[in-house]
Amino acid sequence: MWSDYLHLMKMEMTLIVILFILLFLKLGKKEWDAGKLLHFINILLVINLIFGFFYNTEGSLFGNMFRTNHLLALEKNILNLGTLIVSLQSFHWLKDHKHIPEFYMLLLSTLLGMFFMISSNNLLMFYLGLELSTIPLAALANFDLEKKISSEAAMKFILSSAFSSGLLLFGISMIYGTTGTLNYHELSQQLTGSPLQILSFVMFAAGFGFKFSAIPFHLWTADVYEGSPVAVASYLSVISKGAILFVFVSVLYQVFENMTTVWYNLLFLLSVFTMTIGNLFALRQQNMKRFLAFSSIAQVGFILIGITGQSSEGSAAVIYFILIYVFSNLGAFGVVSLVSAATGRETVNDYKGFYKNNKTLTWVLAISLFSLAGIPPTAGFFGKFFLLLAGAGTTHTTGGHANYILITIAVLNLIISLYYYLRIIRAMFMDNNNNPIEKVKATLSPNISFVICIVGIIVTGFASGAYDFIYSLVK
Amino acid sequence: MNYADYIAWIPLLPLAGFVLLGLFGKRFFKQYSGIIGVFILLVSAALAFYTAYIYFFINGYEDGVYQKLIPIKYVWLQFYSGTSIDMGILLDPISVMMMVIVTFVSLMVHIFSLGYMKGEERFSTYYAFLSLFTFSMLGLVVASNIFQIYFFWELVGISSYLLIGFYYDRPSAVSAAKKAFIVTRFADLGFLIGIIILAFEGGTLDFNTLIHRLTDLQSPEYIAITTASFLGISVMTWALTLVFMGGAGKSAMFPLHIWLPDAMEGPTPVSALIHAATMVVAGVFLVARLFPVFSINGASLLIVTWVGSVSALFAAIIACTQTDIKRVLAYSTVSQIGYMIFALGVARYGGEAGAGYTASMFHLFTHAFFKSLLFLGAGAVIHIVHSNEMKDMGGLRKLIPVTHITFLIACLAIAGVPPFAGFFSKEEVLLAAYNSNKAVYGIALFTSGLTAFYMFRLYFSIFWRKEQEHETHGHKLSLSMKLPLIILAAGTLLVGFIPFGKFVSSDGRTLESPFHFEFSIAPVLFALAGISLATWIYKKESGRSQKLAAALGGFYRAAYKKFYMDEVYMFVTKKIIFNLVGKPAAWIDKYIVDGTMNGIAFSTAKVSGWIKGIQSGKVQNYALYFFVGIIVLSIVILYLWK
């Protein structure tokens, strides 16, 4: 019996063990050298990542509240990988910070929450996981302790998420009221698509939309991304979004399978809004950090298109895209945060002539941006390609023909996004600048993260095996 | 050993060489880049020869037919079941033959360049590019999938571009590189459309399946592609013609030949490898690869035949008037490829009717030897004289005896004098043409006389004519430059005796091609006449060549100016396309497209400003919008859009 718990909750258990190690480190009397401590924690995270790939099984626990299988393990592994990259990249920033163990305890708690959320088989369990992954994030947003703007970000984040959680819970309780159950499998049979259920579904989806910042539920994003430390902003825009999207796909496909028309229409509207307005937002950003954060809103719009596919292709395309997105967005964020930490310069104009002094970093940023823009042969192209393919292939909702309207809007948005990504690439390579950013030195940890990102971008693109593997798990 | 154990290394080793030399060569081991390149190619060539031995003599021949084997296949991008882009290796007689040619000639060029490119600033880069080219060309010839061929087709185009423009500080080299790239790219547009049509109608990109479906007269794919028509011509003919357009561009067939003479701006060993022996025959190879499909479509074969024969004659005439030795060789390449192309055009599938196919491949094979020998010999001459112009040469036969003898052998071979290699292959080409199309035979026979004339004009101008003492500029031909010349000359002497029909034929069965003594009299006489004429005019300094030129008058000037083909292109592009298409397009672009875009940008800025208003920074407003969002969405989904 106990071995069951250890085995099925292996990934969660690993995180808890790491959390306890960190706790003891903090409580101990010894003063740790910041650099060594960070390396030690990164090694723990590497072990966590590697261990995540082995001994995965299928099964459920706690009276069917918690379940796991190979696909869910893969999703958790993607998040583990992303967390490791974020951690490697925040080395410079954390080195001078007094509260390293706390940072990681909060960070890993949110990761733990995401794991529970992904493994949930019951709306209650899902809600617990969601809250565990949200509340520590507010504390993390406040982690630039001396900066007022950081506190403001945390305050806005906690208030907005409290509001959205309230509406989410309202939705859940109405679902419970009309069906009398919270279990996913039973819900899928009980839901009929009555008006009350539709209303509660919209509230439920809005709670998700808040987390992955779909428009119009995105407004907190701007202030929080701007105020919080870069590491936290990148974690929010990549890991946190990835996790909630994983859950969103599985909840939609499993629980609300009787209400496909409803959520198809909802997703249609959300994705059109999110892509278009997200792009318009990103278009006029001059600050690189904000620019990346807003462009990630537009990326979510594309992911929603893949979800409308209602097929295992759609599900696989979403997971594949998020994997690529982890590499690409973190690659770009890593360079920007490194430069900002070293020189304090972060506007697009500052990046003019960046190639002159920083050849390697320019290439890392350029390849990441190419991938985000979806230019072949980077992985981002294949990711977007499969998303659009999945979105176009919805035949049973649109009455036998592919959904050209959505795809056309998506392609138009792709062109707009191409403009703003390429604008930065042009600035880096071609524009002249009398005062270009001087040579930025990266230490081992960020360099490792760049290698992971670039290799990931290239390999996941060229090796069709990655997509096929995910597809085989989804099926 | 199975093929799968080692065969992938044949193309992958040069790729590894490219990565190694390209990334680290310049910084860490510049002097040794050449040696490393040669060594890698040596291993690759050895494997290719081994494969050829195993394939032709041990296990390729079964049930009286050479099998098509696919030892390695990696599904790269699957579109839907049955249609995927694969990366594979297809072994059949022509791909094995091409593998041998490519690795062998490349090895010779690698060795030759050790001396020729010595002391070059970008020595490592040069070898890296050579390796890249070799990899791409090998990937092209072993392709098992039509899209794979296209992929590597573009890669060889890029390597060719990089190598033509190798001396990028010379404006002429840069513009030649651009010209080559643009012209072939334009032709590749046709190729791509052809591929898409074939793949759409055939439902697959795999060569074997595609050929099987499109040659089976009962199959639904065949019926669909032949019954559908566009502008009164069947879709099958369109597709094959478009594919051939790509081939003609790469193989510099008339009227897409204009890039090849300019491509001689690249280093001479590169011309020997890419623009004589390997890349330019890719078009021939492509038609041969799809030959079963071409052979059941008479219209496209007719186009192939006439494009080939016109190019053969046309280029030979121009070659008689050029004074830059590399350009003479370039035009002679166009002319000889014309032979290969029309030999395919006059062939049919299977048996005796397939003799043209065998002849074409045979000529491709022998041509690779003597043409790369000619180019390397020209390279050696240029190395000594420091000029490409005939007027700066003459009387070199004592100064560089090895080059002289090997060059003479190659000239005799290309002129078709027995017993050199070119004689046998040209004989078979002419025989195939004779049996199928007398007009083409006439053109080919006349062209072979011209070939002998211009080759010996070249030979005498370089090595005889005047007894002028040359300064050697302190240069001597090193062993690394002589060795490839000698090996290739030996090859030129020997390869003609290979019973080629035994190995390569249109249907994989053995084709007996007995030697017809009486038939070979006419071509040899034409060749000897050409040689004699050249001897009479050019062996000694005399006014005869000027008199001849004056007698031919306008025709000579037209040929000297390459029949004004470049000017025609310039007229069409600059005057017609730019004025009639470009200017209106520019107007539309400026006023309508830009106007719309400016309008969009203006309204985008407006909307952005409006959104900024929403983004007020006040959390209570955020909550309000959040709630309004839920209500609006609920109303839409509940009442408006069910």
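Everything numeric here is computed off the predicted structure, so don't read it as measured data.

Thresholds applied
Residues numbered from 1 in each chain as written. Chains lettered and ligands numbered in written order. Predicted model: local features only at pLDDT ≥ 70, side-chain atom pairs only at ≥ 80, totals over all residues. Helix = DSSP H or I, 4+ residues; strand = E, 2+ residues; numbered from the N terminus. Buried ≥ 20, exposed ≤ 12 C-beta atoms within 10 Å, placed from the backbone. Contact = placed C-beta atoms within 7 Å. Nonpolar A, V, L, I, M, F, W, Y, C, P; charged D, E, K, R; others polar. Core = buried A, V, L, I, M, F, W, Y, C linked by C-beta atoms within 7 Å. Expected span 1.5 Å × (residues − 1). Bend = angle between axes of the 7 residues up to and from the residue. pLDDT = per-residue confidence, 0-100. Axes fitted to C-alpha atoms, helices over the stretch in contact; angles between N-to-C directions. Parallel < 35°, antiparallel > 145°, perpendicular 65-115°, else oblique. Arc of directions from axis to C-beta.

A tally of regular secondary structure across chain B gives 26 helices and 6 strands. Counting every position in chain B, which comprises 642 residues, the buried fraction comes to 52%. Look at the contacts in chain B between residues 6 or more apart in sequence, and 79% of them connect residues 24 or more apart.

Attention shifts here to the overall build of chain A. Each helix and strand counted, chain A has 21 helices and 2 strands in total. Across the 475 residues that make up chain A, the buried fraction comes to 56%. Considering only intrachain contacts with a sequence separation of at least 6, the fraction spanning at least 24 residues in chain A is 80%.

What follows concerns unusual backbone geometry. With an omega of 15°, the peptide bond running from A:Ile215 to A:Pro216 counts as cis. Residues B:Phe254 and B:Pro255 are joined by a peptide bond in cis, for which omega reads 0°. Non-glycine residue A:Phe62 carries a positive phi angle of around 50°. Inspection of the secondary structure assignment puts A:Phe62 in the loop between strand E1 (59–61) and strand E2 (66–68). On the neighbour-count criterion, A:Phe62 (13 C-beta atoms within 10 Å) is partly exposed. Residue A:Asn64 is not a glycine yet carries a positive backbone phi of 70°.

Attention now goes to the environment of A:Asp4. Relative to the elements of secondary structure, A:Asp4 occurs in helix H1 (residues 2–8). As for A:Asp4 and A:Gly59, which are separated by 55 residues in sequence, their C-alpha atoms are 9.0 Å apart.

Taken residue by residue, the interface counts 23 residues in chain B and 28 residues in chain A. Elements that contribute at least two residues to the side of chain B that touches chain A include exactly strand E3 (69–80), helix H25 (565–614) and helix H26 (619–640) of chain B. Sort the elements by how many residues they give to the side of chain B that touches chain A and H26(B) lands first, with 12 residues. For the side of chain B that touches chain A, the residue count by class is 16 nonpolar, 7 polar and no charged.

Once that is clear, we can look at the nonpolar core. Grouped together as the largest cluster of nonpolar side chains are 210 residues, with contacts concentrated most on B:Ala343 and B:Leu344. When residues in this core are grouped by element, the largest group, 19 residues, is from helix H17 (residues 355–385) of chain B. Here B:Leu344 is in contact with B:Val284, B:Val287, B:Ala288, B:Phe291, B:Val304, B:Gly356, B:Tyr357 and B:Ser360, once residues within four sequence places are set aside. Listed in part, the 173 residues of the second largest apolar core include A:Ala141, A:Leu191, A:Val202 and A:Leu292.

Residue and element names in this part refer to chain A. Within the secondary structure, glutamine 254 sits in helix H12 (residues 230–254). Take glutamine 254: there are 13 C-beta atoms within 10 Å of it, and that puts it in the partly exposed class. The residues touching glutamine 254, leaving out its near neighbours within four places in the chain, are Tyr184 and Ser188.

In this section: helix H2 (residues 9–28) of chain B. Residues separated by three or four positions in an α-helix point in the same direction, a consequence of the helix having 3.6 residues per turn. Residue and element names in this part refer to chain B. Compared with the 28 Å implied by 1.5 Å per residue over 20 residues, the 25 Å span of H2 between its first and last C-alpha is markedly short. A maximum bend of about 40° is found in H2 at leucine 21. Looking only at H2, the buried set comprises Ile10, Pro11, Leu13, Pro14, Gly17, Phe18, Leu20, Leu21 and Gly25. Its buried side turned inward, H2 meets helix H3 (33–59), helix H4 (93–116) and helix H5 (123–141).

Right, let's talk about the confidence of the model for chain A for a bit. All names here are of chain A. Per-residue confidence for chain A averages 85 on the pLDDT scale, and 97% of its residues sit at or above 70. Confidence, read as mean pLDDT per element, is least for H1 in chain A (77) and greatest for helix H6 (residues 100–119) (92). Segment residues 395–400 is flagged for pLDDT under 50; beyond a separation of four residues in sequence, or across chains, it makes 6 contacts in the model.

Glancing now at the packing of helix H13 (residues 282–289) of chain B against helix H16 (residues 325–345) of chain B. Residues and elements named next belong to chain B. Running from amino to carboxyl end, H13 crosses H16 at an angle of 10°, the nearest separation of the two axes being 10 Å. Looking at the two axes, H13 sits roughly parallel to H16. Residues Val284, Val287 and Ala288 of H13 form the contact with H16, whose own contacting residues are Ile337, Met340, Ile341 and Leu344. Of the residues assigned to the contact of H13 with H16, the class counts are 7 nonpolar, no polar and no charged.

A separate point is the environment of A:Ser311. Residue position: A:Ser311 is located in the loop between helix H14 (288–307) and helix H15 (312–343). Along the primary structure A:Ser311 and A:Ala390 are separated by 79 residues, whereas in three dimensions their C-alpha atoms are 7.5 Å apart.

Considering every residue of chain B, the mean pLDDT works out to 82; 95% of them sit at 70 or more. The ipTM for the predicted assembly is 0.83, set against a pTM of 0.66.

Right, let's talk about helix H8 (residues 207–215) of chain B for a bit. All names here are of chain B. Those residues of H8 that fall on the buried side of the exposure criterion are Phe207, Leu210, Arg213 and Leu214. Buried residues of H8, seen end-on, are gathered within an arc of 140° and therefore sit on one face of the element. Next to the buried residues of H8 lie strand E4 (83–91), helix H6 (146–164), helix H7 (171–202), helix H9 (220–227), H13 and helix H14 (291–295).

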